[in-house]
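Each chain is listed here by its residues.
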Amino acid sequence: MPNGTPINRQWIFVTRQGIIAIDWGNGIAQDIVSGDFFEYRESLYSHPADDRELDQLIRMGRVESYDRTTAYVYSLPELPRRTLD
């Protein structure tokens, strides 16, 4: 059983700048390599991440493994949220 967080591959994409990211919805995406969040617009989209790009993330230590539908991503920083005072 993989240890990484399962992420459906349909949410993993590559930007026009070559960033491999997760689309978290609501206009927020996260760079899998750096963990940085960024504002996502459809104009940034290049293509869905393919096996070659996921293999690169495995070599970098950011993804444990993947199959046809799921990538198992090692821990990423959480989106900072304001707390209720």
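Residues numbered from 1 in each chain as written. Predicted model: local features only at pLDDT ≥ 70, side-chain atom pairs only at ≥ 80, totals over all residues. Heavy atoms only, no water.

(A) Inspection of the overall build of the protein chain at higher detail. Secondary structure assignment for the protein chain yields 1 helix and 8 strands. The linear arrangement of helices and strands in the protein chain, starting from the amino end, is β-β-β-β-β-β-α-β-β. Here the C-alpha atoms of the protein chain give a radius of gyration of 13 Å, agreeing with the 12 Å that 2.2 N^0.38 yields for 85 residues. Based on the C-alpha atoms only, the size of the protein chain along its principal axes is roughly 40 × 30 × 20 Å. Looking at the protein chain as a whole, 34% of its 85 residues qualify as buried. (Helix = DSSP H or I, 4+ residues; strand = E, 2+ residues; numbered from the N terminus. Rg over C-alpha atoms; globule rule 2.2 N^0.38 Å. Buried < 20%, exposed > 50% of the residue type's maximum accessible area, 1.4 Å probe, protein only.)

(B) Focus on unusual backbone geometry. Despite not being glycine, Asn-26 shows a phi value in the positive range, around 55°. In this structure, Asn-26 sits in the loop between strand S3 (20-25) and strand S4 (28-31).

(C) Representation of the nonpolar core in the model. Ile-7, Ile-12, Val-14, Ile-20, Ile-22, Ile-32, Ala-49, Leu-54, Leu-57, Val-63, Ala-71 and Val-73 together form the largest nonpolar core, which totals 12 residues. Broken down by secondary-structure element, the contributors of at least two residues to this core are strand S2 (12-15), S3, helix H1 (51-59) and strand S8 (70-73). Discounting chain neighbours no more than four positions away, the residues touching Val-73 are Gly-4, Thr-5, Ile-7, Ile-22, Ile-32, Arg-62 and Val-63. Core analysis: the next-biggest nonpolar cluster, separate from the first, contains 6 residues, Phe-13, Ala-21, Ala-29 and Tyr-40 among them. (Core = buried A, V, L, I, M, F, W, Y, C linked by side-chain atoms within 4.5 Å. Contact = heavy atoms within 4.5 Å.)

(D) Representation of the pattern of salt bridges within the structure. Tallying each qualifying case throughout the model produces 3 salt bridges. Here Asp-51 ties to Arg-9 by a salt bridge, and the two come within 2.8 Å at their closest N and O atoms. Highlighted residues: Asp-51 in helix H1 and Arg-9 in the loop between strand S1 (5-8) and S2, separated in sequence by 42 residues. Overall, the relative accessible area of 14% leaves Arg-9 in the buried class. Linking Asp-50 and Arg-52 is a salt bridge whose minimum nitrogen-to-oxygen distance equals 3.8 Å. Since its relative accessible area comes to 57%, Arg-52 is described here as exposed. Each of the salt bridges in this network shares a partner with another, and the network as a whole consists of Asp-50, Arg-52 and Glu-53. (Salt bridge = Lys/Arg side-chain N within 4 Å of Asp/Glu carboxyl O.)

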